[in-house]
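# Breakdown of the fold
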Amino acid sequence: MILYNVTVNIDKEVETDWITWMKETHIPEVMDTGFFSEYRMMKMLSQEQDETGTTYAIQYMTETLGHLEDYLNSVAPKIQKKSIIRYGTKMAAFRTVLEEV
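Please read all numbers here as calculations on a predicted model, not as lab measurements. Every chain is numbered on its own, with residues counted from 1 as its sequence reads. Where totals are concerned, whole chains, interfaces and linings use all residues; where local detail is concerned, this predicted model gives features only for residues with pLDDT of at least 70, and gives and counts side-chain atom pairs only at 80 or more. Processing note: side-chain calculations cover all non-hydrogen atoms of the structure and skip hydrogens and water entirely.

### A look at the overall build of the protein chain
Only DSSP runs of H or I with at least four residues qualify as helices, and only runs of E with at least two residues qualify as strands; both kinds are numbered from the N terminus onward. Looking only at helices and strands, the protein chain features 3 helices and 4 strands. When the helices and strands of the protein chain are listed from N to C terminus, the series reads β-α-β-β-α-α-β. Whereas a compact globule of 101 residues would reach a radius of gyration of roughly 13 Å, the protein chain reaches 14 Å, a difference of no more than 12%. Overall size of the protein chain, expressed as C-alpha extent along the three principal axes, is 40 × 30 × 20 Å. Of all 101 residues assigned to the protein chain, the portion counted as buried reaches 37%. Considering only residue pairs separated by 6 or more positions, the protein chain has 76% of its internal contacts joining residues 24 or more positions apart. Only the protein chains shown count as cover for residues, and all accessible areas are computed by the Shrake-Rupley method using a 1.4 Å probe. About 6400 Å² of surface is accessible on the protein chain, with carbon and sulfur atoms providing 52% of the total. With the radius of gyration taken over C-alpha atoms, the globule rule is written as 2.2 Å times the number of residues to the power 0.38. Throughout, exposure labels follow a simple rule: accessible area from a 1.4 Å probe, protein chains only, divided by the maximum for the residue type, with under 20% read as buried, over 50% as exposed, and the rest as partly exposed. Contacts are assigned to residue pairs that have any heavy atoms within 4.5 Å of one another.

### As for the environment of His 26
Looking at the secondary structure, you find His 26 in helix α1 (residues 15-31). Expressed as a C-alpha distance, the spacing of His 26 and Thr 7, which sit 19 residues apart in the sequence, is 14 Å. Filtering out sequence-adjacent residues up to four positions away, His 26 remains in contact with Trp 21, Tyr 60, Ile 79 and Ser 83.

Take a look at the structure:
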């Protein structure tokens, strides 16, 4: 099993809108691609008090690294662009890939 983890720090001023958009639009769009079998959206609880944003981890599970590579090469840029257009500099994201052992 391969886990594709997207860690996002979102500004507090757009956080509520972002959560709704993620749950109602973005995550369903990613899942509808058929590349992933399940997902989780988690909120980081251990953060410094003076941070301006909140950090979340969205984890997508897929069977093989090949499935993930196909997703990243075929549809991810288009889907990611929608996030950038909607939230711009109010959001920072980085991605990691993990393999179940």
